[in-house]
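Listed below are the residues making up each chain.
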Number of protein chains: 2
Amino acid sequence: MSKILVFGHQNPDTDAIGAAIAFSHLQNELGKQTEAVALGTPNEETQFALESFGLAAPRVVESAKAEDAAVMLVDHNEFQQSISDIAEVTILSVVDHHRIANFETANPLYYRAEPVGCTSTIVLKMYKENQVSIPKEIAGIMLSAIVSDTLLFKSPTSTQEDEKAAQELAEIAEVDLNVYGLEMLKAGTKLSDKSAATLLDLDAKSFPMGEKNVRIAQVNTVDLNEVMDRQTELEAAMAEEMTTNDYDLFVLVVTNILDSDSELLVAGDDKEKVEAAFQTKLTNNRAFLKGVVSRKKQVVPQLTEVFS
Amino acid sequence: MSKILVFGHQNPDTDAIGAAIAFSHLQNELGKQTEAVALGTPNEETQFALESFGLAAPRVVESAKAEDAAVMLVDHNEFQQSISDIAEVTILSVVDHHRIANFETANPLYYRAEPVGCTSTIVLKMYKENQVSIPKEIAGIMLSAIVSDTLLFKSPTSTQEDEKAAQELAEIAEVDLNVYGLEMLKAGTKLSDKSAATLLDLDAKSFPMGEKNVRIAQVNTVDLNEVMDRQTELEAAMAEEMTTNDYDLFVLVVTNILDSDSELLVAGDDKEKVEAAFQTKLTNNRAFLKGVVSRKKQVVPQLTEVFS
């Protein structure tokens, strides 16, 4: 039996890393031999979470075929967000909470998706269904993932199940959910020392929409102006990425995690589509979107709709 | 809230109908308002099962949009096997045991797939997870679905879980699993009074493979010769269907459910691909495949491989 790698999406966030660690541990307890790995190095928020609970960052891999491994995906399914050779390896299972698109297999597999705020919430349910107990440090990284994905339950993607799961995990991890949660979110908003290219890459995903290749990056902050003051520099970096990677449209979503609002910065030919999607007008390529914090629920479906 | 339709694939078999009835009942017990429907009339095996447990055949529907309905899919996911306007409606959930292909959504959804022999085995698990009890007649149609999909546990797709599930359901339904199971399978093999076109349509699915459109039909029998004696008539009907529906390749799998073997009858341009897939030689467009009974596990992946 070949090796099994468990990983989340490219440009990993705390759920991509946390759910991989948690799901791999569960599979190992159930008798499989798996390794949690990552498709990139952890961002500062994730690093803070890993260090808080004494966990090491997973090894970064670039090919599954090179390791002769079958794979288990968490927190994503779209091939363009996965490992480069995903179409050539055996996918044994997927645990996810996103739309399904650009995904296919030749064989039946285990697929578990639920429309909740975080993959780790589903993984917790699977621990219970299999009556496997959760070690303290793994509970810690799982609750970090839930806090990260739901912005401490303020995101419209957050469900009662996510909140209940996080509370349960906080007890196992022995932390105060709100105090730890806000501290962790803030650790991810130290942006001033980062280059524009780094900001665009912190949490970015590509989506095929109609005939177009759309890149949507998100940056969390506690001060929108701190990011938007760098508009010229950001637009130059966006233009460069678009040329290099053949993106047709680049949407940067800058989210204020304290006020739960976002500002868009848009580059590309289809600006009127963006205006239609959000029923707004772009001024100087920017638009303020009140109450928008979730790419998955408040950005991707709206853009998909106008491009379909 | 709009109406919710629950249905299995086109050319419904006993699992497509049975899992729809069982999953719809579960969802209703959990507070949703759903209706189990079907994308075609039940075949004779399914009719036998429905009558055995006093159930009516689900209403046949052709459009979900016309009824302003959201949908829940069971026993399939590939759009070409689903309702004609599947791409235009909201898919709330999928419960399935097949490969995933040609499936996508704009929004997150509930997706539950497991590599077991029958969708109804997964649905039974969901009844238990939600602590909902199963009425006798629904247990009956679920166990019929498991017997049908696993050919009374002889198919390589059958797992221990399927067998255990069927035994459990047989107790609730108060039938002798083996006696009832064989009787039901035999009810589906009365072929002599059917036209060639009807035989080809009994349990047929289309699969995009590479650039090709492949049609794979399966017929269960207790006597291969009874079917193969009608080769000329079958080939004429296959040729006609290929022209009408633009199939590039038509593979008819005639399966002896007592001996657990199959004979292929092949029409189309890519006969050498079929020979490569099954490491055999076609004689007079036919090949005997020892031990082959499962389209999903022993036919589709092998053909997918040679066309990729």
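Residues numbered from 1 in each chain as written. Chains lettered and ligands numbered in written order. Predicted model: local features only at pLDDT ≥ 70, side-chain atom pairs only at ≥ 80, totals over all residues. Heavy atoms only, no water.

Going by what an unreviewed UniProt entry lists, chain A is known as Probable manganese-dependent inorganic pyrophosphatase and is assigned to Enterococcus thailandicus. What UniProt records for chain A under Subcellular location (unreviewed entry) is the sentence "Cytoplasm". Of chain A, the UniProt comment under Catalytic activity (unreviewed entry) reads exactly: "diphosphate + H2O = 2 phosphate + H(+)". (UniProt positions renumbered as here; feature names shortened; annotations may be inferred.)

Q: For this particular structure, what's the right way to read the nonpolar core?
A: As a rule of thumb, nonpolar side chains are buried together in soluble globular proteins. Residues and elements named next belong to chain A. Ranked by size, the top nonpolar core spans 50 residues in total, and within it Phe-23, Tyr-127, Ile-134, Met-142, Leu-143 and Leu-169 carry the most contacts. The element contributing the most residues to this core is helix H4 (residues 136–150), with eight residues. Apart from residues no more than four positions distant in its own chain, Tyr-127 is found in contact with Ala-22, His-25, Leu-26, Val-132, Ser-133, Ile-134, Ile-138 and Met-142. (Core = buried A, V, L, I, M, F, W, Y, C linked by side-chain atoms within 4.5 Å. Buried < 20%, exposed > 50% of the residue type's maximum accessible area, 1.4 Å probe, protein only. Helix = DSSP H or I, 4+ residues; strand = E, 2+ residues; numbered from the N terminus. Contact = heavy atoms within 4.5 Å.)

Q: Explain the relation of the copies chain A and chain B here, please?
A: In this arrangement, two copies of a chain are superimposed by a rotation about an axis accompanied by a shift along the axis. Between the two copies, chain A and chain B, the superposition gives an RMSD of 0.0 Å; the rotation angle is 180° and the shift along the axis is 0.0 Å. Taken together, the turn and the small shift mark the pair as related by a two-fold rotation axis. Of every C-alpha in chain A, the one belonging to Arg112(A) sits nearest the axis of rotation, 2.4 Å from it. When you check the interface residues of chain A against chain B, 100% turn up at the interface there too, and the contact is symmetric in its surfaces. (Least-squares fit on C-alpha atoms with pLDDT ≥ 70 in both.)

Q: Can you walk me through the pattern of salt bridges in this structure?
A: Any two side chains of opposite charge can pair if their charged atoms end up close together. Per the stated rule, a full pass over the model turns up 38 salt bridges over all chains. The salt bridge involving Lys212(A) is made with Asp270(A); its shortest N-O contact spans 3.4 Å. Of this pair, Lys212(A) sits in strand S8 (residues 212–221) while Asp270(A) sits in the loop between strand S10 (261–268) and helix H10 (271–278), placing them 58 residues apart in sequence. On the accessibility criterion, Lys212(A) (29% relative accessible area) is partly exposed. Among the salt bridges present, the one from Glu275(B) reaches Lys281(B), with a minimum N-O distance of 3.5 Å. (Salt bridge = Lys/Arg side-chain N within 4 Å of Asp/Glu carboxyl O.)

Q: Could you clarify how one ought to interpret the domain arrangement of chain A in this entry?
A: In many analyses, interface size is given as the accessible surface area lost on bringing the parts together. Residue and element names in this part refer to chain A. In terms of domains, chain A is made up of domain 1 (4–189) and domain 2 (196–307). Inter-centroid distance (C-alpha atoms) of domain 1 to domain 2 is 25 Å. Residue-level contacts link 19 residues of domain 1 with 22 residues of domain 2. Regarding the contact of domain 1 and domain 2, the summed buried area is about 1,900 Å², with carbon and sulfur atoms giving 55% of it. Put simply, domain 1 and domain 2 have zero salt bridges between them. Between the two partners, domain 1 and domain 2, sit six residue pairs in polar contact (both at pLDDT 80 or more). Its residues assigned to classes, the side of domain 1 that touches domain 2 comprises five nonpolar, eleven polar and three charged. (Domains from an automatic or database assignment. Buried area = accessible area lost by both parts, 1.4 Å probe. Polar contact = N/O pair within 3.5 Å; in protein donor to acceptor, adjacent residues only side chain to side chain. Nonpolar A, V, L, I, M, F, W, Y, C, P; charged D, E, K, R; others polar.)

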